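So you can see what is in the structure, the chains are spelled out below.
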Amino acid sequence: MGKIIAIANQKGGVGKTTTAVNLAAALGICNKTTLLVDIDPQGNATSGVGVDKRRVEASTFDILVNGIPAENTVIQTAYTRLDVLPSSLDLAAADIALADFKNREYILKNALSSLRKYYDYIIIDCPPSLGLVTLNALCCADTVLVPIQCEFYALEGLSQLMSTIRIVKRQYNSLIDIEGVLLTMYDARLNLTQQVVEEVKRFFPKKVFSTTVSRSVRISEAPSHGKPIMYYDRCNKGSDAYMALAKEILKRNAVN
C-alpha cells in the first residue's frame, strides 16, 4: 500500500506546488513508483510535469464530482516512475458541487483506494485553502508535509491549519500525522531566516526537515518548461535540495 502525503498550507506563495512536483519527481528517481495528485484548480502541478491541463480528457474534478474512476484519469509523464492525476479549472467550483454529497469528505480517499497498491508514494498538491477539496486530501492522507517560507509572515495561518488537522484527526482520520515541515526560500545569510527557523522549530518540535530549499531562479524557470528541477537542471542547488528531501523522507519512513 502506497503512502499518501498531502502537501498543504493555505498561505499562498510558500513553495507548495514546487515541493509537490519536485518531491514526486525525486521519489521517482529514487526508484519509488509515485503518483502526483493535483487538486489545485490552478493546475500548476499538472503543467509542471509537462501535461497540458487544457487538453486533459478527465481530471480530479471528474473523480470528485462526476464519479469517474481514478484509474481512468492517470496520465503517465515523461519522467521516471512518475504518473499524475491532472487538475482542471473546474476544480474552482468543486467545494460548491460537493456541498450536498453524502460522505463528501471521503470521496478522494475512496477513489484513491484502488490505486494505492500500484504506487509506493502518492503526493497530493492541495489548493491554498481549507475547503472541502483540501479536507478530502486530509481525510485520505497518512501524513501532511507543510512548506513554510523563511519570511516575516511565515507562521501566518498555521494555527488554523493545525486546528483543521486536529479536527480531521478527531473526526475523520485518526491516523493522520505531520510528515514534516520544509523551510523554503531559505537564506542562511539573513538574520530573519534564523529567527524564522527558531520560531518554526518551537511551533513544530522535532518535525522540521534538516533539508532546506534556497531561492533559485532555475527552480522558478523549470515549470515554464514542464519539467521538475532535477530534469531541467540536475546540477542546480534546488535539484540537490529536493533529492535530499526525498532521501530524508525515505530514511524516516524506513525507520518507521
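Refer to the structure printed above.
Residues numbered from 1 in each chain as written. Predicted model: local features only at pLDDT ≥ 70, side-chain atom pairs only at ≥ 80, totals over all residues. Heavy atoms only, no water.

(A) Expanded view of the packing of aromatic side chains. This structure, assessed with the given rule, holds 4 aromatic pairs. Centre to centre, the rings of Tyr 106 and Tyr 172 are 6.2 Å apart; their planes meet at 70°, and the pair counts as edge-to-face. With Tyr 106 in the loop between α4 (94–98) and α5 (107–112) and Tyr 172 in the loop between α7 (158–171) and β7 (177–186), this pair connects stretches of sequence that are 66 residues apart. Residue Tyr 172 is classed as partly exposed on the basis of its relative accessible area, which comes to 25%. Look at Phe 152 and Tyr 153: their rings are 4.9 Å apart centre to centre, the planes differ by 80°, and that puts the pair in the edge-to-face class. (Phe/Tyr/Trp six-rings, centres within 6.5 Å; stacked < 30°, edge-to-face > 60°. Helix = DSSP H or I, 4+ residues; strand = E, 2+ residues; numbered from the N terminus. Buried < 20%, exposed > 50% of the residue type's maximum accessible area, 1.4 Å probe, protein only.)

(B) Layout of the pattern of salt bridges. Tallied over the entire structure, the rule returns 13 salt bridges. Residue Glu 105 pairs with Arg 104 through a salt bridge whose shortest N-O separation is 3.8 Å. Residue classification places Arg 104 among the partly exposed residues on the basis of a relative accessible area of 28%. For the salt bridge of Arg 189 with Asp 187, the shortest nitrogen-to-oxygen distance reads 2.8 Å. Since its relative accessible area comes to 74%, Arg 189 is described here as exposed. The structure contains a network of salt bridges with shared partners spanning Lys 16, Asp 40 and Asp 125. (Salt bridge = Lys/Arg side-chain N within 4 Å of Asp/Glu carboxyl O.)

(C) The arrangement of the nonpolar core in detail. Of all hydrophobic cores here, the largest spans 53 residues; its most connected members are Leu 112, Ile 124, Ile 148 and Val 200. Apart from residues no more than four positions distant in its own chain, Val 200 is found in contact with Ile 148, Leu 155, Val 181, Leu 183 and Val 208. Within the second largest apolar cluster, 36 residues are counted, among which are Tyr 121, Phe 209, Ile 219 and Leu 250. (Core = buried A, V, L, I, M, F, W, Y, C linked by side-chain atoms within 4.5 Å. Contact = heavy atoms within 4.5 Å.)

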